[in-house]
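Structure at a glance
Listed below are the residues making up each chain.
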Amino acid sequence: MSATAEGPVLDIRGLRVTFTGGARPVRAVDDVSLAIARGEVVALLGESGSGKSVTLRSVLRLHPPRKTRIEGTIRVDGTDVMTLEGAALAAFRGKGASMIFQEPMLALDPVYSVGDQIVEAILRHERMSRAQARQRALEWFEHVRIPSPERRLEAYPHEMSGGMRQRAMIALALACNPKLLLADEPTTALDATVQVQILLLLRELQRELGLSMLFVTHDIGVAVEVADRIAVMYAGRIVEIGSVRDVIRTPRHPYTAGLLATRAHGGRLSGNRLPAIAGSPPDLANLPPGCAFAPRCGHAGESCMHEAPPVVAIGAGHEARCVLLKTAA
Amino acid sequence: MAALLEVRGLVKNFPVRTDLFGRVKSFVSAVDEVDFDLHEGETLGVVGESGCGKSTTARLLLHLIEPTAGTIRFEGRTVGTAELPWKAFRRQVQMVFQDSYASLNPRLTVAESIAFGPMVHGLSRREAEARANALLERVGLEPNRIAGRFTHELSGGQRQRVNIARALALHPRVLVLDEAVSALDKSVEAQVLNLLLDLKEEFRLTYLFISHDLEVVRFMATRVLVMYLGRVAELGPTEALYTGSRHPYTTALLGSLLSMDPDRRTDAAPISGDPPNPIDPPAGCRFHTRCASAEPVCAARHPALTVLGGGHAVACHMSEPGSGHSRAAGRAA
Amino acid sequence: MRAATAEAFVRSPGYWVTVLRRFARDPVAVGAAMVVLGLILMAVFAPWLAPQDPLQGMTLKRLRPPGTDGHPLGTDELGRDMLSRLIHGARISLFMGIVPVFTALVAGAAIGIVAGYAGGWTNTVLMRTMDVFFAFPSVLLAVALAGALGPGILNSIIALTLVFVPPIARVAESVTTGVRSRDYVEAAKASGAGALTIIRKHVLGNVLGPIFVYAMSLIAVCMILASGLSFLGLGVKPPMPDWGLMLNTLRTAIYTQPLLCALPGVMIFITSISFNIMTDGLRSAMDIKA
Amino acid sequence: MLAYAIKRTLFTLPIMLGVSLVCFALVHLAPGDPLVSVLPPDASQAIKEQMMALYGFDRPYHEQFARWLARVAQGDLGTSIRTGRPVSLEVGKAVGNTLMIATLATLIGFVLGTLFGFVAGYFRDSWLDKAASAAAVFGVSVPHYWLGMILVIIFAVQLGWLPPTGAGPGGSEAWVWDWVHVQHLILPAVTMSVIPMGIIARTVRALVAEILSQEFVAGLRAKGLSEFGVFRHVVKNAAPTALAVMGIQLGYLLGGSILIETVFSWPGSGLLLNDAIFQRDLPLLQGTILVLALFFVVLNLAVDVMQTTLDPRIQRA
């Protein structure tokens, strides 16, 4: 039962998330397995509807239980998250693993000051006085380099700029020293010059604290900046996973390769066209029987339309889910 | 070369607070003294962060909001006067908005949305719908499957194609694209960018391409205009500007581009802090509060747009001879 | 040559068809709509449905309890058949509930849409005038106007219409202001269309629905208010059969025939709750999230 | 904050002026001679004219309005034609009585309404939601004057637990806070409370559902708050709006008390209004309506300022 020091901090196996609230059930995540070691950063890369945020939120079990069916196992530092209920689940959230959101403006309560919200989180998990908690909140504000931190603790979310709010959100998430940080597109809503600052801050804090991090993003550039490994998701499945270098330099899944090629990057002579991926992402409530990417794939053969593609190991820790690789191997 | 569109002294202030008697106490200086030309056949990229005034500029250009000051001339004729009334101007200049969903009337079918403009300008319903179908086909959508649908039934990429068709329905010469691909997924964005390039050639269009994405602008634009807090910071041919930026803000923006190379990760942020609030912006050069090279002169007065040659111009005291900045050339030539 | 396999033209169902389909899936709302329909039919066919003359009383058979021979719901204080009076009462009571709201809908929607689309000074003048009437609680305004004008159906309708114009105008103004700043209205402006064309083609279709539903939700309020005026003696004049007025005249019998004097109120209650449930159903059916 | 309150108050002045104008116009809207109820039908023309001059009815409208407004500003609402006593005195006493039942009714309505609203909003689409929503629909749909009669039939006529009408021995003049008198409050207040109950329940239900759908609720859960901890945040977010609705409802009940007070013969402003209408006591009618409407305007103002104070999201410009 006890967690070994060498075991992964996050261990997801066979995760399957189905939303049952609508007219038809929607399988947002299908058979996702992923492990993150101590001090490792894994980026979950994908477009809207790929299931990356759903996977991340499942770790804290944030989906409404009445409208969601979750199968598989999720372990955080040995704790089986799926079996946690009530008070035990609440005690795990924010302490075992905590989360930063895409839009801190929406993820912070608008009618409480930012300081109060951090103090509230600290008091929830630590035995200390209010004054001590406030002191710790202040220290975290300094740590994430918020100028005039004492005054900013009193501020309401809408009184801060976007970058400051995200720094405050990070302070809130780290205030109880979690082992695992879940980041849900934390820089997407920010301006370019601010995005860099937040990415550098996160990378620095991650190294300093030895954090494990699951970082969800749609931006390959962001993933390259923060991650040790990248997992590419498409239509609810991880289609390719490997070290950043392997995935960026030698992408093996046609979707990953297409996504990398499609980026408008560097100067191109005018008149050139981008190598675009045709078609649009599939409807999750109505997935094709075979490979979900097959209708958009330039290399798709007959078997791709009918058979679910197998996971093929390509190199050390580099895997992709594609029939083509199987025949090549 | 005479410019197709000349914008001079464009200003827009939005009142945010009024006193007891309804007098304006403070305002957002959204666009301040903006000048630029748009040449026939070019793509002028406009970049900048949130609050820099790029979207307001687009809306001012189409007179969707009333400018506080400024003139717009189209082919030498002043727009909004007897020379060129707004309605005639709007046949020539059309716009595609960022939010593909909000920019289509949810109660109209796709065909009705596209046919609306031509009918306003006197086409019969039949002619307008025929034009709508032809345009749908041209932007890569099957008229039979799409024309009779409502916007909520389409994907984001399809909706933005419909918006492009709608903008083209009046056969305009200029298209203002306000973050037109920003809300799309990368794989779909590439398709729409390619489509825009094709359409530009086919219909000999001129684009004003507004985006926060520097890579996309580099790909699309022939010239680039950089805005910061409502003002023009730098203007120049794309490659000259991307490889030899002269304004510290442009340099910082370009420095914020991510490398895409795991071995060359960014190790220092080019500038710190957030863009300031456009309510009561800093005096002098609006960038001086974040600029590493700022000197007293930068806070004292705002820099003039200095032409550097080769169509490159910059509004920075360091490039303005005789400005009093230690790095500026001593005397005006 | 064009591909012969070109698919047939697809036309999606319009907004209101979708709304009706969604409404039809809500059994409670459909039930309420059936009750409303039944009440309207009852009002239309009252002369054929009512077993007796609602105005003809028999002094010898006053205040008979429900279940009396020949009078299944008893008789009132003048010996008139209750069932017949309740059936006929639907006519005037529904009329008084619906007509003021519809009159107010026309006036209020016009004021609100003009104010909302025009903005600026037009908006300020129109809406500040509405605010003055808003400063009166609705019951007080209705009673004050009806009291000043004197009893009677027409006066009540005038008073109630005036009560409902400001709230409808305010809702119309706020939805119009919301629609006016939408990108698709901007796009229509950018295509060179004039204000009237934009209002007709882009604004009305998006604001009339919400305004109409809001007005529907006022019908129940108007019914209760109109009956209240009659109950106070400020509305319908005797001997017209009106549920509110019947409630008033039967009050004296509260100790002797409590069940009898509760009956007209039951009718008002059934009508207003049916309208409310129907409107709630319609509102959630219209709340289509893409 | 103070600046906002002052600004808001100044914006209210034109509304108050408009309200006064409407109240003034009401009298002239009334058909017939304003003195018909006090003068004998055979009064001579001379007496008629004398009385007209006494009440100022012989002057042009704008002058009458200006004079009336000047008097009102000094607290003089005129003299009741019927009783001959100052209108302000009559209205003041009656409004006090109405305030008693209206406040009680608002409190009952607020407690039940927020309870039902929270339950319904928290357990959306469950049977609890359906039950609580049904109670809310009942509240907004029931003709409350009829409900008053039903309650009288049950609790006064059938069971005999509570008095059916009036304000107790000695009427409102001899009011004391003892059971003999207080029991007269119960039925009118309970009857009156169904309207605010229904409206508050519906508002709170929508409010809670909306708050719970926001991202910050996920944020609160993500940092480990218990459901009760989340609930506290929901309450604080909902409070400004819920309290504002409650304040407005109190105003509606005060102004709309005429039906309830007629049913229960409660000696409040509504009953006074009823008397004024049927005895065509125009100064009294005018004065009562003016006081109630101005009270409503002031209440709205207070609610608005309170909401701005409570809600940090609203910019205090």
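What counts, and at which threshold
- Residues numbered from 1 in each chain as written.
- Chains lettered and ligands numbered in written order.
- Predicted model: local features only at pLDDT ≥ 70, side-chain atom pairs only at ≥ 80, totals over all residues.
- Heavy atoms only, no water.
- Helix = DSSP H or I, 4+ residues; strand = E, 2+ residues; numbered from the N terminus.
- Buried < 20%, exposed > 50% of the residue type's maximum accessible area, 1.4 Å probe, protein only.
- Contact = heavy atoms within 4.5 Å.
- Areas by Shrake-Rupley, 256 points an atom, 1.4 Å probe, with all protein chains shown as cover.
- Salt bridge = Lys/Arg side-chain N within 4 Å of Asp/Glu carboxyl O.
- Buried area = accessible area lost by both parts, 1.4 Å probe.
- Polar contact = N/O pair within 3.5 Å; in protein donor to acceptor, adjacent residues only side chain to side chain.
- Pairing = 2+ DSSP bridges.
- Axes fitted to C-alpha atoms, helices over the stretch in contact; angles between N-to-C directions.
- Patch = residues over 30% accessible without salt bridge, like charges linked within 9 Å, V, L, I, M, F, W, Y side chains within 5 Å.
- Phe/Tyr/Trp six-rings, centres within 6.5 Å; stacked < 30°, edge-to-face > 60°.
- Lys NZ or Arg CZ within 6 Å of the ring centre and 35° of its normal.
- Left-handed = near helix turned anticlockwise from the far one by under 90°.
- pLDDT = per-residue confidence, 0-100.
- Core = buried A, V, L, I, M, F, W, Y, C linked by side-chain atoms within 4.5 Å.
- Arc of directions from axis to C-beta.

**Some thoughts on the overall build of chain B**
Along chain B, the regular secondary structure elements total 11 helices and 12 strands. The C-alpha extent of chain B, read off along each of the three principal axes, is 65 × 60 × 45 Å. Counting the 333 residues in chain B, one finds 59% classified as buried. Put simply, of all contacts in chain B between residues at least 6 apart along the chain, 64% involve residues at least 24 apart. Per element, the accessible surface of chain B, about 12,800 Å² overall, is 50% carbon and sulfur.

**Describing the pattern of salt bridges**
For the coordinates displayed, the defined rule picks out 54 salt bridges over all chains. When the shortest N-O distance is used, the salt bridge between Glu186(C) and Arg59(B) registers 2.4 Å. Taken together, the residues Glu186(C) in helix 8 (residues 183-190) and Arg59(B) in helix 1 (residues 54-61) connect one chain to another. Arg205(D) is the salt-bridge partner of Asp129(D), the closest N and O atoms lying 2.9 Å from each other. Here Arg205(D) lies in helix 7 (residues 179-212) and Asp129(D) lies in helix 5 (residues 127-141), a separation of 76 residues in the sequence. For Asp129(D), a relative accessible area of 3% translates into the label buried.

**A few points about the interface of chain C and chain D**
The interface of chain C with chain D comprises 40 residues on the first partner and 43 residues on the second. Summed over both sides, the interface of chain C with chain D buries roughly 3,600 Å², with 79% coming from carbon and sulfur. The interface formed by chain C and chain D holds 1 salt bridge in total. The partner of Asp280(C) in a salt bridge is Arg202(D), and the shortest N-O contact between them spans 2.4 Å. The tally of links between chain C and chain D comes to 7 residue pairs in polar contact (both at pLDDT 80 or more). Contributing elements (two or more residues each) for the side of chain C that touches chain D: helix 5 (120-134), helix 6 (138-149), helix 9 (195-232) and helix 11 (258-286) of chain C.

**Some words on unusual backbone geometry**
Pro239(C) follows Pro238(C) through a cis peptide bond whose omega is 5°. In this fold, Pro239(C) is placed in the loop between helix 9 and helix 10 (243-250). Positive phi outside glycine occurs at Leu229(B), with the angle close to 45°. Note that Leu229(B) resides in the loop between strand 9 (223-228) and strand 10 (231-237).

**Quick word on the pairing of strand 11 (residues 311-315) of chain A**
Residues and elements named next belong to chain A. With 4 bridges joining them, strand 11 and strand 12 (residues 318-321) adopt antiparallel strand pairing. Bridging from a neighbouring strand, glycine 315 pairs with histidine 318 of strand 12. The loop that links strand 11 with its antiparallel partner strand 12 comprises 2 residues; one of these, glycine 317, has a positive phi angle of about 70°.

**Quick word on the interface of chain B and chain A**
The interface of chain B with chain A comprises 39 residues on the first partner and 48 residues on the second. In terms of surface lost to chain A, no three residues of chain B exceed Leu258(B), Met260(B) and Arg265(B), which account for 21% of the buried area on that side. At the boundary of chain B with chain A, the tally comes to 5 salt bridges. There are 25 residue pairs in polar contact (both at pLDDT 80 or more) connecting chain B and chain A. At the level of secondary structure, the elements contributing two or more residues to the side of chain B that touches chain A comprise helix 7 (186-203), helix 8 (214-220) and helix 10 (248-255) of chain B. Looking at the side of chain B that touches chain A element by element, the count peaks at 10 residues for helix 7 of chain B.

**As for the sheet that holds strand 8 (residues 206-210) of chain B**
All names here are of chain B. Reading across from one edge, 6-7-8-3-9-10-12-11 is the order of the 8 strands in this open sheet, with mixed pairing throughout. A single partner strand is all that each edge strand has here, and the edge strands are strand 6 (93-96) and strand 11 (306-309). When strand polarity is set aside, the average angle formed by the axes of neighbouring strands in this sheet is 20°. Sheet topology note: the strand 7 (residues 174-178)/strand 8 ladder contains 5 bridges and is parallel. In the sheet register, valine 176 faces strand 8, and the bridge partner there is leucine 208. Across the sheet, helix 7 lies against strand 3 (43-47), strand 7 and strand 8, angled at about 155° from strand 8, the strand it touches most.

**Description of a nonpolar patch on the surface**
All names here are of chain C. Together, Leu37, Ile40, Leu41, Val44, Phe45, Trp48 and Leu49 give the surface a local cluster of nonpolar side chains, amounting to about 710 Å² of exposed area. For the nonpolar patch, the elements supplying multiple residues, two or more each, are helix 2 (27-44) and helix 3 (46-49). Looking at which element gives the most residues to the nonpolar patch, the answer is helix 2, with 4 residues. Note that leucine 37 resides in helix 2.

**Focus: the sheet that holds strand 12 of chain A**
Residue and element names in this part refer to chain A. Across the sheet, 8 strands lie side by side as 6-7-8-3-9-10-12-11; this open sheet has mixed pairing. With partners counted over all chains shown, the strands left at the sheet margins are strand 6 (97-100) and strand 11, one partner each. Each neighbouring strand pair of the sheet contributes to a mean axis angle of 20°, computed without reference to strand direction. Across 6 bridges, the pairing between strand 9 (residues 229-234) and strand 10 (residues 237-243) is antiparallel. Within the sheet, the bridge partner assigned to arginine 229 lies in strand 10 and is serine 243. Along the sheet, helix 1 (residues 52-59) contacts strand 3 (41-45), strand 6, strand 7 (180-184), strand 8 (212-217) and strand 9; its crossing angle with strand 7, the most-contacted strand, is approximately 150°. Its contacts with the sheet put helix 7 (residues 162-174) on strand 6 and strand 7, and the angle it makes with strand 6 is roughly 175°.

**Considering the packing of aromatic side chains**
How two aromatic rings sit relative to each other is given by the distance of their centres and the angle of their planes. Per the counting criterion, the structure on display carries 23 aromatic pairs over all chains. Between Tyr234(A) and Tyr255(A), the aromatic rings sit 4.6 Å apart at their centres with planes inclined by 55°, giving tilted as the arrangement. Remark: Tyr255(A) occurs in helix 11 (residues 254-262) and Tyr234(A) occurs in strand 9; sequence separation between them is 21 residues. When sorted by exposure, Tyr234(A) lands in the same class as Tyr255(A), which is buried. Taken together, the ring pairs connect Phe118(D), Tyr122(D), Phe123(D), Phe228(D) and Phe231(D) into an aromatic cluster. For Arg170(C), the ring lying beneath its charged end belongs to Phe134(C), and the centroid distance is 3.7 Å. The side chain of Lys236(D) reaches across the aromatic face of Tyr112(A), ending 4.4 Å from its centre.

**Some details on the packing of helix 4 (residues 82-118) of chain C against helix 7 (residues 153-180) of chain C**
Interhelical geometry of helix 4 of chain C versus helix 7 of chain C gives an angle of 35° and a closest axis separation of 5 Å. By crossing handedness, the relation of helix 4 of chain C to helix 7 of chain C is classed as right-handed.

**Points about the confidence of the model for chain C**
Residue and element names in this part refer to chain C. Per-residue confidence for chain C gives a mean pLDDT of 87; residues scoring 70 or more make up 97%. Confidence drops under a pLDDT of 50 for residues 1-5, and excluding neighbours within four residues, the segment shows 1 contact in the predicted structure. Across the assembled chains, the prediction reports ipTM 0.87 with pTM 0.89.

**Let's talk about the nonpolar core**
As a rule of thumb, nonpolar side chains are buried together in soluble globular proteins. Phe136(C), Val143(C), Phe164(C), Trp243(C), Val19(D), Tyr145(D) and Ile289(D) are the most contacted members of the largest nonpolar core, which has 153 residues in total. Here the element with the most residues in this core is helix 9 of chain C; it accounts for 19 residues. Excluding anything up to four places from it in sequence, Val19(D) contacts Val132(C), Ala135(C), Phe136(C), Leu290(D), Ala293(D), Leu294(D) and Val297(D). If you look at the next biggest cluster of nonpolar residues, it comprises 109 residues, including Ile146(A), Cys176(A), Ile220(A) and Leu284(A).

**Let's talk about the environment of Ala175(A)**
All names here are of chain A. Counting through the fold element by element, alanine 175 comes out in the loop between helix 7 and strand 7. Alanine 175 sits in the buried class, given a relative accessible area of 0%. Sequence separation between alanine 175 and lysine 95 is 80 residues, and the spatial gap between their C-alpha atoms is 8.8 Å. Other than its neighbours up to four places away in sequence, alanine 175 contacts Ile118, Ile122, Arg136 and Trp140.

**A look at helix 1 (residues 15-24) of chain C**
Residues and elements named next belong to chain C. Regarding helix 1, the residues found buried are Tyr15, Val19 and Phe23. Looking straight down helix 1, one finds that the buried residues subtend no more than 70° of arc, so they occupy a single side. Facing away from the buried surface of helix 1 by more than 90 degrees, the exposed residues are Leu20 and Ala24. On its buried side, helix 1 packs onto helix 2 and helix 11.

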